Structure formats: structure tokens, C-alpha cells
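Now for the letters of each chain:
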Amino acid sequence: MDPFVTLSSGQRMPLVGLGTWKSAPGQVKQAVLAALDCGYRHIDCAAAYGNEQEVGGALALRVGPGKSTLLIPGDCFAGWRRSDCLPQELSREDVFVTSKLWNTKHHLEDVEEACRTSLAHLGLSYLDLYLIHWPMAFQRGKELMPRRGDGSVLYSDTHYRDTWLAMERLVDKGLVRAIGLSNFNARQVDDIISVARYKPAVNQVECHPYLSQANLLSHCWAVGVCVTAYSPLGSGDRPWALADEPRLLEDPRLGAIAQKYRKTAAQVVLRWHVQRGVVCIPKSVTPSRIEQNMRVFDFCLSEEDMKQIQSFDRNERFIVPTVERDGQRVWRDAEHPHFPF
Ligand code: A2P
């Protein structure tokens with residue numbers, strides 16, 4: 001199977017990339033090095049993750065004239081043309097780097113500066129893809145999460161359609177090759193398309209077997225927007241995980257399928273994503289898992305197993321930030337007019 005998808009912008013984006021959300025400074029550099037050394041050519045970043053400088057440190061060690069990857073021998077490239085995927089020297093063009101515009105930077109006057117800051121932190125002259133991280137805009141400023149005294153978030157009334165116009169200027173200026181969205185619902189995707197000079201290349205959303213996103217996927221594909229799954233393994237390490245919540249990778253039904261293919265539950269889930277044409281960005285800071293997560297192109301799930309995994313859907317969102325209100329946990333931004341869910 002072709003391990004790339006072609007975006008509406010014409011770029012080829014690797015179906016598996018390394019996620020860096022929750023990868024702590026002090027850990028993420030080694031993770032990116034391990035990923036590049038075992039064949040990853042796609043790194044997913046965001047200003048809000050607070051670790052772009054360290055990701056940039058790793059890129060600087062591997063990408064550019066005279067720098068090379070230390071390739072781990074093995075079959076992680078099964079099905080790939082070796083001549084295509086084992087370059088001795090990695091050029092900037094070989095690696096697909098995504099970053100995201102944070103909610104405090106939606107104002108037209110802030111977008112370019114935010115992009116340039118991510119570029120400087122990553123040590124790059126352009127991004128392959130730049131996404132609006134969420135449709136809601138927060139109050140402008142340096143604070144990541146501007147809040148009132150009572151803890152509630154301060155929003156601003158900048159509309160994401162206006163932010164999109166500023167994003168398009170980044171393409172015109174050559175700072176980014178493509179632009180896209182994250183956490184947008186189908187109506188909001190259409191809303192952007194209705195004003196766009198450059199159609200969004202990607203919508204990056206939470207997606208895994210417990211939240212299979214069938215309707216959103218069909219919609220995005222019908223309008224030519226590629227979908228990237230974040231938290232593709234169910235993000236067991238999310239900060240607000242509750243002790244009694246279901247753990248996707250411990251689901252015995254997945255275990256049974258994994259045993260049949262002599263793969264791990266994580267590999268089965270990732271194969272399910274790529275086999276349905278969804279780009280995925282599993283996060284790991286563990287070299288053995290990073291390598292394992294790339295080894296999903298040397299087996300194929302039967303149609304029956306694909307359908308069975310699809311049937312695990314319980315429309316369960318793990319990643320909507322929650323807060324405590326009147327003794328109950330509620331979605332933090334639920335009252336915002338642009339809240340997507
Ligand atoms: P770690 O980073 O300690 O290796 P998601 O990408 O859905 O957010 O999931 C990330 C979580 O899944 C992290 O806790 C990560 O752990 C864990 N993880 C990543 N790859 C694997 C794997 N192959 N097997 C088990 N857990 C994994």
C-alpha cells in the first residue's frame with residue numbers, strides 16, 4: 001500500500017507521523033530522533049505543545065546537507081521501495097512538518113507572527129502544513145490560556161473565517177506550503193470552503209475505534225479535505241484521564257485481533273486508520289513503540305476485521321478539555337458559539 005496520501009495542495013503526506021502532544025521537554029528530542037532514524041518522515045507539532053524548540057533541535061541534527069539518519073535495520077519498510085525510503089541524507093523536502101496556530105493568535109494581526117515564531121522554534125524556513133488548532137478564539141496575548149479571576153476562559157470574537165484569510169496570506173508569502181483545520185465540524189469546514197481561496201488541505205480531529213468519525217470522514221473526503229486522526233491510540237496518557245475510563249489498547253477484542261495477525265493492539269489500530277485512508281500521528285516517547293508504530297505496512301486487516309473494529313464506535317470523545325462546574329465535569333468551551341461538538 002502507498003504510505004502517502006495526496007493532499008488537495010498536491011503535496012504527498014506520509015500516512016503515519018509522530019505525534020508530539022504530551023511529549024515532555026527533555027523527552028521529545030530523543031523521540032523525534034528515534035522516529036527519523038526508523039523511517040518517519042512526518043512530524044506533527046503545535047505551538048501550544050510547548051516543545052517546538054526541542055523538536056527543532058532534533059530536526060537540526062538530522063535534516064540538511066551533510067546530515068544523515070542512522071537507519072535501524074529491519075522490515076519496517078516492508079512494501080516500500082527501499083531506494084525511496086532509505087536516503088543517506090535527509091533534505092528538508094523529505095520531511096513533512098505540521099504546526100498549529102493557537103487560539104490566542106487568531107486575530108489577523110497575530111497570525112503571521114505566530115507562524116514565524118513556530119518556524120524559528122523549529123528552525124525551518126517553511127512549514128508543510130499549518131492548521132488552525134481550534135475554531136474558538138481566545139483573548140489575544142502571551143498567555144496560553146487567558147482566564148478571569150474565577151478561572152473561566154477569556155474568549156475573543158475573532159471569527160475563524162477571518163483567521164482563514166490571514167492563513168492564506170502565509171501561503172502567498174511562502175511561509176507554509178498548505179493550510180488546514182483542526183477540531184472543525186462538517187459545517188465549519190464548509191463555512192471555510194465558502195470563503196477560501198485555498199481550500200483546507202486537512203482537518204485534524206480526534207479519531208480512534210471508540211470515536212470512528214464515520215460521518216465527518218465521509219463529509220471531508222466528499223469535499224476534498226484529507227483527515228488526520230489525533231489521539232489515534234486513544235491517548236491513554238491524557239492529563240484528565242479518569243482511572244475508571246475504558247483504555248482502548250486494553251480492549252480484549254483488539255487483543256484477539258492482534259493475536260491473529262501476530263501484531264500488537266496498537267499496530268492493529270494504526271493499520272485500521274491507514275487502511276481506511278486516515279493519516280495518523282501516534283505519540284510516543286518510547287523508541288521501541290515509535291518503531292513498532294511505523295510497522296503497519298507489512299500486513300492487511302481483512303474486511304471483516306475492519307468492520308469489527310468499526311463496530312467498537314461509542315462516539316466517545318476523550319480530548320475535549322473539561323472543567324469542574326457545580327461539582328460536575330463539563331466541556332470547557334461548550335458555550336462558545338464556535339465550539340465544534
Ligand atoms: P509512551 O509515549 O509512553 O510510549 P495517542 O497517540 O493516542 O495520544 O497515544 C499516546 C499514548 O499511547 C502514550 O501514552 C504512549 O506512551 C502510548 N503508546 C504509543 N505507542 C504505543 C504502543 N505501540 N503500545 C502501547 N502504548 C503506546
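Thresholds, definitions, all that
- Residues numbered from 1 in each chain as written.
- Predicted model: local features only at pLDDT ≥ 70, side-chain atom pairs only at ≥ 80, totals over all residues.
- Near = placed C-beta within 6 Å.
- Helix = DSSP H or I, 4+ residues; strand = E, 2+ residues; numbered from the N terminus.
- Nonpolar A, V, L, I, M, F, W, Y, C, P; charged D, E, K, R; others polar.
- Buried ≥ 20, exposed ≤ 12 C-beta atoms within 10 Å, placed from the backbone.
- Contact = placed C-beta atoms within 7 Å.
- UniProt positions renumbered as here; feature names shortened; annotations may be inferred.

Colleague: Looking at this structure, how should I read the site of the ligand?
Modeller: The immediate surroundings of the ligand are formed by 19 residues, with Leu233, Ser235, Asp237, Ala266 and Thr286 found nearest. Considering each element in turn, the shell around the ligand owes the most residues, three residues, to helix 10 (residues 287-294). Of the residues in the shell around the ligand, the class split is six nonpolar, 10 polar and three charged.

Colleague: How should the environment of Met306 be read in this particular structure?
Modeller: Structurally, Met306 can be placed in helix 11 (residues 303-310). A tally of 15 C-beta atoms within 10 Å means that Met306 is categorised as partly exposed. With 31 residues separating them along the chain, Met306 and Gln275 place their C-alpha atoms 8.5 Å apart. In this structure Met306 touches Trp272, Gln275 and Leu301, once residues within four positions along its chain are discounted.

Colleague: I keep staring at the UniProt feature "site: Lowers pKa of active site Tyr" (unreviewed entry) in the protein and nothing clicks. Help me out?
Modeller: When the UniProt feature table is mapped to this numbering, "site: Lowers pKa of active site Tyr" (unreviewed entry) covers Lys100. With respect to the secondary-structure elements, Lys100 resides in strand 5 (residues 96-101).

Colleague: Help me understand unusual backbone geometry in this model?
Modeller: Most peptide bonds take the trans form, and the phi angle of most residues other than glycine is negative. Even without a glycine there, the phi angle at Ser231 is positive, about 50 degrees. Relative to the helices and strands, Ser231 is located in the loop between strand 9 (226-230) and helix 8 (252-261). Phi at Asn315 takes a positive value of approximately 50 degrees, unusual for a residue other than glycine. By the secondary structure assignment, Asn315 is in the loop between helix 11 and strand 11 (322-325).

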